[in-house]
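Overview (structure and organization)
Chain by chain, the residues run as shown.
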Amino acid sequence: MFSLKLLISILFYLISLSNQQQIPTRNYEENNYFLVELNTTTSQKPLIDFISKYKDHYKFEHQLNLDNYYVFSIDNSHPHNSFLGNFNSNNFNHMKRSSGFEDHYDELVGDVSSLHMLYPKKINKRMPVPIDSKRDELLQQQSSDQSNSDSDKAHQKLAVVAQKLDIHDPEFATQWHLLNLQFPGHDVNATGLWLEDILGQGIVTAIVDDGLDAEGEDLKDNFNAKGSWDFNDNGNLPLPKLFDDYHGTRCAGEIAAVKNDVCGIGVAYKSQVSGIRILSGAITAAEEAAALIYGLDTNDIYSCSWGPTDNGRTLSGPEVVVKQAFVKGIQEGRNNKGAIYVFASGNGGRFQDSCNFDGYTNSIYSITVGAIDYKGLHPAYSEACAAVMVVTYSSGSGEHIHTTDIKKKCSALHGGTSAAAPLASGIYSLILSANPDLTWRDLQYINVLSATPVNEDDGNYQTTALNRKYSHKYGYGKIDAYNMVDFAKSWKNVKPQAWYYSDVTQVNEALSLNKPQMLKRDEEKKIIKSKITVSKEDLKVMNVERIEHVNVIVNIDASFRGKVGARLISPTGVISDLATFRPGDAAGRGFQDWTFMSVAHWGEDGLGDWEIEVFADDSKSDPIDIKFKDWQLRFFGESRDADKSEKYELLKDYAAVRRDRIGENKQQSSTIESSTEFSSSTEASSSTTSSEEVSTTSASEEIAQSTSTASSEQVSSTSSEVSTTSSTITDELEPTTEPDEEGKNKHYTSDHTGQYLMGFAIIGFIIVLIIMKCHKSPGSLRRRRRRDDDYEFDIIPGEDYTDSEDDQETLDSRRRGANADSFDLGQRNDQRINKNDQINDDRYQDEARERLFENFNGETLPDYDDDMFKIGDDDDHENDENNTKKATSSSNEQPTDSNETTNDEEITDDRKIVDENK
Ligand SMILES: *[C@@H]1O[C@H](CO)[C@@H](O)[C@H](O)[C@H]1NC(C)=O
C-alpha cells in the first residue's frame, strides 16, 4: 500500500515535470479545454481540492509553465459545456448565472481566480509583402552608382572583413544588410564588432515562428535544442514540416547562420538560435503563453514576426494569460534580468494599419521594430505607431534580405518587418554578449539613447525630453550595431521599474459629424479633450522618478472605428498619436478597454497635465458618432528608491494603491498642516505643479477625501475650442473587470519542487483511496488507464442554457471553434465590406499572387489562400467572443482599400489632419 502510493506519487510528479515541458496532445474532436487559475502560490491545496471536487466532470490535463495556471478538459457532450466560459480572463465574461445554474456558477466562480476557454486559433505570420518589380530600374541605377568611391571603399571593406575573419560563405557579398556595397552606410554596421570578436557568443535567441531547420547545414551548429519546442506537432524538435514553413528558418539565418560554405552568415554568427514552433497550425492561448516563456532558463531573446492580421481593420491583443507570460518572462528570464521580446511592427502600412492596434507590439515588454530598406527609405508596408522603438533593414527599393532557407536553399527574398525583427534580435545578441548584465529595460534605454535617427526630413520627428529625436515611423532611428554596443559596454543598470496609475477619468462626451439632420453649428465640436493631472505626490508615493513607457487605456464608442483619432500630449508638449485613421476599419465597437502604448515620452518626469484629444476623420462626408467615455493613464518608469521597488502584478489596481498611500501620508501630515486655504477637492486634485504646493495640498486632499470620497472634479483647461469636464472617480466607481488580486503572484521565484512532490503525493493518496473504494483492488495493472480516468469526479450536471440569442450564437460558434479543423473559411458574411471593396480585394490578391509567382524563382510558393492571409479570427480584440464566427475567407480578409494603398504618407496625412484640428 505504501510503496504503491509512493510509486504513484512519483509517477505523477514525473508527469508533472514532463508536462512543464510538454503540452499533452489534445483531442478537440472529443474534448473542450480550459485554463483554470488557482491560487497555488503557497500551497497546492486549491488545485487538489478543485480536482477532487470536479473529478466527474473535468479532467486535469497538465500544469502550464506559468504559475497558478492549470489546463483541464471536459467532454464535448458534457452539459457543462453550455455553462463554462471565460471568467475574469478578459473583459468579456461568458460565465452565465442563470436559473437552475446559480449554485453551480457561484461554486465554480468561488473556487477559481479565473477561467479561460481554450479554443484553437491560428496566429498569423506577418502578412507577406508583395515583391516589388522595380529591380531592373534599380540595377541600372546601381551600375551608375558603382563608380562612386564610397562604394569602392565598401568593396574593399568587404574584402578585408572576409579575409580577416575567414568568411567564405557564398552569399556573404549579397548580404547588403551586413555590408551594403551599392548604398554604403545602409547596413547594420556590425563588421567592426566582429573584428573585435563580438559575435553573440553565449546568447540564445528563440525564433517563435513556424519552425527552424535545425538539421540544415547553415543552422545546425548554432541550433540550441534545449530552448526549442514544437507546439504545433508536440515534440522537441521544431523542424519545418509544412511545405511553406520557411519563415522561421529564414529569420534564424539572419541571426545565426553559421560561418561556413553555405549561403550567408548571421549578424551574430556565434550566437545560438532555438525554435519554438507555433505558427503552423491552430493553437490556444495556453500554448501561446507557454511558448513565450518556453525555455526561459535557456533563451535570452524571443524574436516574434507575427501578430494580429495586418489588414488595417483588426484590433487585437494577447489574452490575460499571455500577458501574464510576458510578465513572467521579463521578471524571471535571463536570471531575473528579463527576457527580451522583439516584435515586428507589422506589414499593414499600405492599409494604414498601425501597430498601436496590435496588443503585442503595443506591449511595454516588447521592443517593436519597424523597417527601412536597401536605400535607407521607409518601405510602404512598415507600420508606424507610438510603440515603434527602432527600425532596421529589410526589403524595399527592389531588394530583399538574403538569408538561409529550408530544403538546402538560400533565400534572396526574405522581407517585411518579419525580417527586420530578427535582424534586431541578432544585434541585441551582440549587445548582450558585450554586456550580459543589461536588464530588459536597460536594453530599451540603449535603443532609445543610441539609435541613429534617419530621414529626418520625413517622419515628423519630435524632440523628446531626453533630447532625442522620435518619429512614429522610425522610432528613435535605426540601430547601428557598432554604436549601440559601444554605448552598451559602459551602460550602468537603471534602477528597478516603478509605475503610476491615474484614476479612471470619466469624460462621457460625444461628437457627431455629418449627420443629415444636424445644423452646422451643432458640428462645431471637433475635438473632445480631457486631461489628467499628475502631481508630485502621486509619483512620489508610487516611487516613480521618470517615465519610460506610457499606457493610455480608453473606452471609446464609435460608429466607425477607423475614423476615430486620438492623441496624447504630455506636459512637455511631446505628442503621441495613439489612434490614427484606418479607412478600412468599419467596426462599430470602438475601443473597449483598449490599451495604447507610447515610447515617445521616455525620460519625462511626468508632472503636470496630460491631455488626450479624441477627434473624428472629417475628410469624407460620412456620418460618424463618437462617444469618449473614459480613460486612464499609466506610467512605467524608473524608480526613485531602488530599495522600495516592488514586484509588478498585472491585475493589481495600482490606482487604489496610490490613493491609499496618499491617504496614509496625509494622516501623518494632517496634524501639522493647515487645510483651510484649500476648500474644495477641485482645487486639490487639479493643482499640479510645484513641490511646495503639493506638500500643502496633501492635507487638504485628506479633508476632501473624507468629505466627498465619491468623486473629485477636475476642470480641464478652457483655453481651447472645446472644454470638457472630467471627473476622477475613486474606488466605488472603479471598473470591476479587473479583479484586485493582491499578493497573488508574490512568490514567483520560489522553488516549487517540494510542493509538487507533496501535492502529487496527496493526489496519489486520494487516487489510491478512490481506487480502493471503487474497484476494491490496488489496480496496479490499470495504472495507465488510471492516468486518463481517475481525475474525473462528481458534481451535479447542469442544464444547457444561455442568456440570449447572441450568447447562443457565440457559444455555438465557439464550440465549433473547438474542433480544430472546423474554421469556416469562406463563410464569412461581413456586411461591412461592400462589393467594390470586395472586387478590389480580389484584384489586389490576384496581382500580389502573380507577383509572387513571377518573383519566387522557383522557391516554394506560399499557399496564398490557405495561409498567408488566413484566419482573421481576431478581427477585434473581442475576438475570443466568437473566433469561429469571424474566421474568414481569405478574400474577405483582404484589406479593403487596395486602390488607395500605395501611399506611405498616410500617417503623415493623418498627422496633418491632426495638426489642423489642433
Ligand atoms: C560603424 O562602425 C564603425 C566601426 O567599425 C564606427 O567607427 C562608426 O562610428 C559606426 N557608425 C557609423 C555610422 O559609421
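Preceding block: the structure.
Since we're looking at a predicted model, the values are computed, not measured.

Summing up its helical and strand segments, the chain has 23 helices and 28 strands in all. Of all intrachain contacts in the chain linking residues separated by at least 6 positions in sequence, the fraction that spans at least 24 positions is 80%.

Enumeration according to the criterion identifies two disulfides in this entry. Paired through a disulfide, cysteine 263 and cysteine 410 show a sulfur-sulfur distance of 2.0 Å. Of note, the bridge from cysteine 263 to cysteine 410 carries an S-S torsion of about -95° and is left-handed in sense. Highlighted residues: cysteine 263 in the loop between α7 (247-256) and β8 (272-277) and cysteine 410 in strand β15 (residues 410-414), separated in sequence by 147 residues. According to the relative accessible area criterion, cysteine 263 is buried, its value standing at 2%. What makes cysteine 410 partly exposed here is its relative accessible area of 31%. One disulfide bridge connects cysteine 355 with cysteine 385, the sulfur atoms lying 2.2 Å from each other. Looking down the S-S bond of the cysteine 355 and cysteine 385 bridge, the torsion is -105°, so its handedness is left-handed.

With that settled, the discussion passes to the pattern of salt bridges. Per the counting criterion, the structure on display carries 34 salt bridges. In this structure, glutamate 288 engages lysine 121 in a salt bridge whose closest nitrogen and oxygen atoms are separated by 3.8 Å. One end of the pair, glutamate 288, is in helix α8 (residues 285-292); the other, lysine 121, is in the loop between β4 (114-118) and β5 (124-125), and 167 residues separate them in sequence. Taken individually, glutamate 288 and lysine 121 each receive the classification buried, so the pair is uniform in this respect. Here lysine 529 makes a salt bridge to glutamate 613, at a shortest N to O gap of 3.7 Å. Highlighted residues: lysine 529 in strand β20 (residues 527-534) and glutamate 613 in strand β25 (residues 608-616), separated in sequence by 84 residues.

Another aspect to go through is the environment of asparagine 508. Locating asparagine 508 in the fold gives a position in strand β19 (residues 505-513). Residues asparagine 508 and lysine 627, 119 residues apart in the sequence, show an inter-C-alpha distance of 6.5 Å. When residues no more than four places from it in sequence are discounted, the contact partners of asparagine 508 are Lys627, Phe628 and Lys629. Polar contacts involving the side chain of asparagine 508 include one to the side chain of glutamine 506, which spans 3.4 Å.

Across the sheet, which stays open at both edges, the four strands sit in the order β2-β3-β1-β4 with antiparallel pairing between neighbours. Each end of this open sheet is capped by a strand with a single partner; those strands are β2 (58-63) and β4. Each strand axis lies, on average, 30° off the axis of its neighbour in the sheet, ignoring direction. Strand direction decides the pairing type here: strand β1 (residues 31-37) and β4, joined by five bridges, are antiparallel. For leucine 35, the partnering residue across the bridge sits in β4 and is histidine 116. Contacting β1, β2 and β3 (69-75), helix α2 (residues 45-53) runs over the sheet at an angle of about 5° to β3.

A few words on the nonpolar core. Of all hydrophobic cores here, the largest spans 167 residues; its most connected members are Trp194 and Tyr428. Element by element, the count of residues in this core is highest for helix α10 (residues 417-434), at ten residues. The residues contacting tryptophan 194, other than those within four sequence positions of it, are Val161, Leu165, Ile167, Phe172, Leu178, Leu199, Ile265, Gly266, Val267 and Tyr269. If you look at the next biggest cluster of nonpolar residues, it comprises 22 residues, including Phe34, Tyr54, Leu84 and Val112.

Calculation criteria
- Residues numbered from 1 in each chain as written.
- Predicted model: local features only at pLDDT ≥ 70, side-chain atom pairs only at ≥ 80, totals over all residues.
- Heavy atoms only, no water.
- Helix = DSSP H or I, 4+ residues; strand = E, 2+ residues; numbered from the N terminus.
- Contact = heavy atoms within 4.5 Å.
- Disulfide = S-S within 2.5 Å.
- Buried < 20%, exposed > 50% of the residue type's maximum accessible area, 1.4 Å probe, protein only.
- Salt bridge = Lys/Arg side-chain N within 4 Å of Asp/Glu carboxyl O.
- Polar contact = N/O pair within 3.5 Å; in protein donor to acceptor, adjacent residues only side chain to side chain.
- Pairing = 2+ DSSP bridges.
- Axes fitted to C-alpha atoms, helices over the stretch in contact; angles between N-to-C directions.
- Core = buried A, V, L, I, M, F, W, Y, C linked by side-chain atoms within 4.5 Å.

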